[in-house]
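# Structure assessment
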Amino acid sequence: MQNLDIRKNVLLLRNGLRYFLTPEEENNLKKAIHDGEVKFDVQGAFITYGSIDGIFKPADIDAVDKIKRGWWQCKYGKWHTKIETCKCGFNKLTSADDIRKKYGDK
Ligand SMILES: [Zn+2]
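Described in the following lines is the structure provided in the data block. Keep in mind that this is a model prediction, so the values were computed, not measured.

What follows covers the overall build of the protein. From N to C terminus, the protein includes four helices and seven strands. Going residue by residue from the N terminus, the α and β elements of the protein occur as β-β-α-β-β-β-α-β-β-α-α. When contacts within the protein are restricted to residue pairs at least 6 apart in sequence, long-range pairs at least 24 apart make up 42% of them.

Below, the discussion takes up unusual backbone geometry. Phi is positive for Gln 43, which is not a glycine, with a value near 50°. Its place among the elements puts Gln 43 in the loop between strand E3 (39-42) and strand E4 (45-48).

Take the environment of Arg 18 next. By the secondary structure assignment, Arg 18 is in strand E2 (residues 18-20). Looking at Arg 18, the number of C-beta atoms within 10 Å reads 15, which means it is partly exposed. Spatially, the C-alpha atoms of Arg 18 and Ile 61 are 9.5 Å apart, while their sequence positions differ by 43 residues. Not counting the four nearest positions on each side in its chain, Arg 18 is found in contact with Val 10, Leu 11, Leu 12 and Ile 61.

One open sheet holds the three strands; their spatial order is E2-E1-E5, and the pairing between them is antiparallel. Edge strands, defined here as strands with exactly one partner in the open sheet, are E2 and strand E5 (52-56). Pairs of neighbouring strands in the sheet enclose a mean axial angle of 15°, with direction left out of account. Note: strand E1 (residues 10-13) against E5, four bridges, orientation antiparallel. Residue pairing in the sheet places Val 10 in a bridge with Phe 56 of E5. Sheet contacts for helix H2 (residues 58-68): E1, E2 and E5; angle to E1, the most-contacted strand, approximately 40°.

Calculation notes
Residues numbered from 1 in each chain as written. Predicted model: local features only at pLDDT ≥ 70, side-chain atom pairs only at ≥ 80, totals over all residues. Helix = DSSP H or I, 4+ residues; strand = E, 2+ residues; numbered from the N terminus. Contact = placed C-beta atoms within 7 Å. Buried ≥ 20, exposed ≤ 12 C-beta atoms within 10 Å, placed from the backbone. Pairing = 2+ DSSP bridges. Axes fitted to C-alpha atoms, helices over the stretch in contact; angles between N-to-C directions.

Have a look at this one:
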């Protein structure tokens, strides 16, 4: 698993390349895009406007990586591997009464 730097937003290119931007780099890039520039120098790389997918939070990039690996997020917000069954709801049951309410007396 890639070690994501939680402090920096990520410039994601359509080809999959990622650049962890300092706040200054991010501001400069956003300003250049707003100003209508179409070519950018980012950390020594020559990047065209059309090759940019976007600037994302590390958590969003992490979610994309998980989805690509077949992970899925249940309604409780927890990520599960593709072979995992969600038991988050079951874990939230706190008493025998709750279990009887959900599954009935058997
Ligand atoms: Zn779950």
